[in-house]
Amino acid sequence: MSQLPADLDQAIVDLKKERNAVLLAHYYQDGDIQDLADHLGDSLQLAQAAKKTDADVILFAGVHFMAETAKILNPDRIVVVPDMAAGCSLADGCPGDRFRAWRAKYPDAVSISYINCNAEVKAASDYICTSSNAEKIVRAVPEDKEILFAPDKNLGRWLMQKTGRKMRLWQGSCVVHETFSEKKLIQLKERYPKAKVIAHPECEAPILALADFIGSTTALLKYTISDEGQQYIVLTEDGILHQMKKASPAKDFISGPPQASCACNECPFMRLNTLEKVYLALRDLEPRIEMDPQLREAARIPIERMLALS
Ligand code: 13P
Ligand code: SF4
């Protein structure tokens, strides 16, 4: 790695100004990246921020599908990422060719795809959703229409319970959210009987069944702010704890228990991004998201449908 400035934070702030760049960061980023972000949020808020920005450069500190979404909404702006290898198990487990073959089996169905998918899957979908608007999008589909939901089976199952709609589910999952142990969560609840259990809908059904509140990362954060409780067991990626602790310093936050003793509630893709890589991406304007214009345009339509309904 080439020489780095001694004060990386200041160097990033200066470069942002020089490049007329905006830094978008997801809650699953390291705290030092979150603290430098111009917009910090969940997947929906970041897509909305990407649509609104008039910056020349978007530096997306998140994973590839998020930056790709920003490029789809901003074809004329430069979109850079700290690390091009920051993928997602949900997106990787749903390749475009297999998804199109699945869709083709149900030609009359409406297809809703979670934003955690690649552009090819988006282009072949009717609607995109995120964890914060998924219920609304499902309810917007006429009752007589069959729904195909991809790629997260856990979010899909939770939506079926909430809306009473039967959907065909792609069998994908998130490597972080499927790691939580039901047995250890029950033990933790016994140890901290006053703690509220809060979970992201990407968690498996037995975990969600034990939750006092289920929602997107932003919804979980808001809940911890407005709720009168003092202690929370948090079942999502650990990065969100940074904002929870900042917003409610007097409250106590306990990371959800993974099955093994590992750092498995840190997303291995999100955590590829570092402050050093953020600096280098801004300095070199690389690595850049580039897309085939036809694919980009086809993928834009279901994203715009989602944004219009959000
Ligand atoms: P939200 O940003 O919608 O909470 O989803 C979390 C996630 O897994 C992003 O990859
Ligand atoms: Fe994908 Fe899960 Fe990482 Fe989110 S936390 S980017 S869903 S692997």
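As the structure is a computational prediction, the values presented were derived from the model and not from experiment.

K.L.:
Describe the side chain of Gln243, and please don't skip the residues or the numbers.
P.N.:
For Gln243, the position within the fold is in helix α13 (residues 240–247). The class of Gln243 is buried, set by a relative accessible area of 13%. Polar contacts involving the side chain of Gln243 include one to the side chain of Gln34, which spans 2.8 Å. Contact partners of Gln243, with chain neighbours within four places excluded, come to Tyr27, Gln34, Asp35, Leu40 and Leu221.

K.L.:
Hey, could you go over the pairing of strand β12 (residues 252–255) for me, with residue numbers and the actual values?
P.N.:
Working note: regular strand, side chains alternate between the two faces of the sheet. In the sheet, strand β11 (residues 231–235) pairs with β12 via four bridges, with the strands oriented parallel. Within β12, the position partnered with Ile233 by the bridge is Ile254.

K.L.:
How would you summarise the site of ligand 2 if you had to cite specific residues and measurements?
P.N.:
Taken together, Tyr28, Val63, Cys88, Ser89, Leu90, Asn116, Cys174, Val175, Val176, Glu202, Cys267 and Phe269 make up all the residues around ligand 2. For the shell around ligand 2, a count of residues per class yields nine nonpolar, two polar and one charged.

K.L.:
Any chance you could break down the sheet that holds β11 for me, citing the residues and the numbers?
P.N.:
The sheet built from four strands is open, its strands ordered β10-β9-β11-β12 with parallel pairing. For this open sheet the edge positions go to β10 (213–214) and β12, each flanked by a neighbour on one side alone. Sheet analysis places strand β9 (residues 196–199) next to β10, joined by two bridges and oriented parallel. Among the inter-strand pairings, Ala199 is bridged to a residue of β10, identified as Ile214.

K.L.:
Give a detailed account of the state of the cysteines, specifying residues and quantitative values.
P.N.:
Taken as a whole, this structure holds zero disulfides when the rule is applied. In this structure Cys129 is not part of a disulfide, and its nearest cysteine sulfur, from Cys117, lies 8.9 Å away.

K.L.:
Kindly report on the environment of Ala219, identifying the contributing residues and their values.
P.N.:
With respect to the helices, strands and loops of the structure, Ala219 is situated in helix α12 (residues 217–226). According to the relative accessible area criterion, Ala219 is partly exposed, its value standing at 27%. Separated by 182 residues in the primary sequence, Ala219 and Ala37 place their C-alpha atoms 19 Å from one another.

K.L.:
I'd love a proper account of a negative patch on the surface, names of residues and values included.
P.N.:
Taken together, Asp7, Asp9, Asp14, Glu18 and Asp32 make up a surface patch of like negative charges. The element that contributes the greatest number of residues to the negative patch is helix α1 (residues 8–19), accounting for three residues. Tracing the sequence through the fold places Asp14 in helix α1. Using a relative accessible area of 41% as the deciding quantity, one classes Asp14 as partly exposed.

K.L.:
Now, about the packing of aromatic side chains: what can you tell me, with residues and values included?
P.N.:
Taken as a whole, this structure holds six aromatic pairs when the rule is applied. Note on Phe99 and Trp170: the rings are 6.3 Å apart at their centroids and 50° apart in plane angle, and the pair reads as tilted. Linking Phe99 in helix α6 (residues 96–104) with Trp170 in the loop between β8 (167–169) and α10 (182–191), this pair joins segments that are 71 residues apart in sequence. The exposure class of Trp170 is buried, given its relative accessible area of 7%. Ring centres of Tyr232 and Phe253 lie 5.6 Å apart, and the angle between their planes is 20°; this geometry places the pair in the stacked category.

Each value, and the rule that gives it
- Residues numbered from 1 in each chain as written.
- Chains lettered and ligands numbered in written order.
- Predicted model: local features only at pLDDT ≥ 70, side-chain atom pairs only at ≥ 80, totals over all residues.
- Heavy atoms only, no water.
- Helix = DSSP H or I, 4+ residues; strand = E, 2+ residues; numbered from the N terminus.
- Buried < 20%, exposed > 50% of the residue type's maximum accessible area, 1.4 Å probe, protein only.
- Polar contact = N/O pair within 3.5 Å; in protein donor to acceptor, adjacent residues only side chain to side chain.
- Contact = heavy atoms within 4.5 Å.
- Pairing = 2+ DSSP bridges.
- Near = heavy atom within 4 Å.
- Nonpolar A, V, L, I, M, F, W, Y, C, P; charged D, E, K, R; others polar.
- Disulfide = S-S within 2.5 Å.
- Patch = residues over 30% accessible without salt bridge, like charges linked within 9 Å, V, L, I, M, F, W, Y side chains within 5 Å.
- Areas by Shrake-Rupley, 256 points an atom, 1.4 Å probe, with all protein chains shown as cover.
- Salt bridge = Lys/Arg side-chain N within 4 Å of Asp/Glu carboxyl O.
- Lys, Arg positive; Asp, Glu negative; His and termini not counted.
- Charge placed at Lys NZ, Arg CZ, Asp CG, Glu CD.
- Phe/Tyr/Trp six-rings, centres within 6.5 Å; stacked < 30°, edge-to-face > 60°.

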